[in-house]
Amino acid sequence: MVSGPRRIVPPVYLVLHMMLMVLLHMTMPGPTWLRSPWTFAGAVPALVGLTLGLLAVWRFKSAGTTIRPFQESRSLVVAGPYRISRNPMYLGMTLLLIGLAISLGTTTPWIGIPSFVFVIDRLIIPHEEAALADKFGNDFAQYRTRVRRWL
């Protein structure tokens, strides 16, 4: 386990961004761009994101490694959804936010999506990738050349 200050884990950022999106929708919704029943279409990216995230977690559990970003990985997971993205859990979370934005049907909640991606891309992923590079060296370097960070 990596020592140091307690860090915020990605699901907390997800929940905070979901709350921000709902708050924006309720207080400053901006123009409505989608109305019911079309807002139910938000279930599609949300379900895809949930499925992708669960498949990624299952791959980590099967490999016997942690899903916690600030703990040491025991193995480099490159199968399943990790063949198309180095970060399918974060991609799944982003799809959940897209589903929420569609479901809300107003414009301002969309601000939460690039904000979430920015936070994860700048605060979480660099730490994870540095730890993986230290632990798995050339194997991780080769994986990075084959698979993109997001898509």
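Model, not experiment: these values are computed from the prediction.

Q: An account of the overall build of the protein is requested, with residue identities and associated values reported.
A: Each helix and strand in the protein was counted, giving 4 helices and 0 strands. Here the protein holds 151 residues, and the buried ones make up 41% of them. A fraction of 79% describes how many contacts in the protein between residues 6 or more apart in sequence connect residues 24 or more apart. As displayed, the protein has an accessible area near 8900 Å², and 66% of this comes from carbon and sulfur atoms. Of the side chains in the protein, 15 bear a positive and 6 a negative charge, and the two mean positions are spaced by 8 Å.

Q: Now, about the nonpolar core: what can you tell me, with residues and values included?
A: Counting 20 residues, the largest nonpolar core has Met21, Tyr90, Phe116 and Ile120 as the members making the most contacts within it. Of all the secondary structure elements, the ones that give two or more residues to this core are helix 1 (10–27), helix 3 (88–104) and helix 4 (112–146). Per element, the largest residue contribution to this core is 8 residues, and it comes from helix 3. Sequence-distant contacts of isoleucine 120, that is, excluding residues within four places in its chain, are made with Pro10, Tyr13, Tyr90, Ile125, Pro126 and Trp150. The next biggest cluster of nonpolar side chains, apart from the first, holds 10 residues, and it includes Met89, Phe136, Phe140 and Tyr143.

Q: Break down the side chain of threonine 65 for me, citing the residues and quoting the values.
A: Here threonine 65 lies in the loop between helix 2 (43–63) and helix 3. Residue classification places threonine 65 among the buried positions, given a relative accessible area of 6%. A polar contact is formed between the side chain of threonine 65 and the backbone nitrogen of arginine 74, at a distance of 2.8 Å. Once residues within four sequence positions are removed from consideration, threonine 65 is found in contact with Phe60, Ser73, Arg74, Ser75 and Val77.

Q: Just give me the short version of the packing of aromatic side chains, but keep the residues and values in it.
A: Applying the stated criterion to the full structure yields 3 aromatic pairs. With a centroid separation of 6.3 Å and an interplanar angle of 50°, the aromatic rings of phenylalanine 140 and tyrosine 143 are classed as tilted. With a gap of 3 residues between them, phenylalanine 140 and tyrosine 143 both fall in helix 4, about one helical turn apart. With respect to class, phenylalanine 140 is no different from tyrosine 143; both count as buried.

Q: With reference to specific residues and values, describe helix 1.
A: The terminal C-alpha atoms of helix 1, which comprises 18 residues, lie 26 Å apart, in line with the 26 Å expected from a rise of 1.5 Å per residue. Regarding helix 1, the residues found buried are Pro10, Tyr13, Leu14, His17, Met21 and Leu24. In an axial view of helix 1, the angular spread of the buried residues amounts to 105°, which keeps them on one side of the axis. Every exposed residue of helix 1 that faces more than 90 degrees away from the buried side is listed here: Met19, Met26 and Thr27.

Criteria and thresholds
Residues numbered from 1 in each chain as written. Predicted model: local features only at pLDDT ≥ 70, side-chain atom pairs only at ≥ 80, totals over all residues. Heavy atoms only, no water. Helix = DSSP H or I, 4+ residues; strand = E, 2+ residues; numbered from the N terminus. Buried < 20%, exposed > 50% of the residue type's maximum accessible area, 1.4 Å probe, protein only. Contact = heavy atoms within 4.5 Å. Areas by Shrake-Rupley, 256 points an atom, 1.4 Å probe, with all protein chains shown as cover. Lys, Arg positive; Asp, Glu negative; His and termini not counted. Charge placed at Lys NZ, Arg CZ, Asp CG, Glu CD. Core = buried A, V, L, I, M, F, W, Y, C linked by side-chain atoms within 4.5 Å. Polar contact = N/O pair within 3.5 Å; in protein donor to acceptor, adjacent residues only side chain to side chain. Phe/Tyr/Trp six-rings, centres within 6.5 Å; stacked < 30°, edge-to-face > 60°. Expected span 1.5 Å × (residues − 1). Arc of directions from axis to C-beta.

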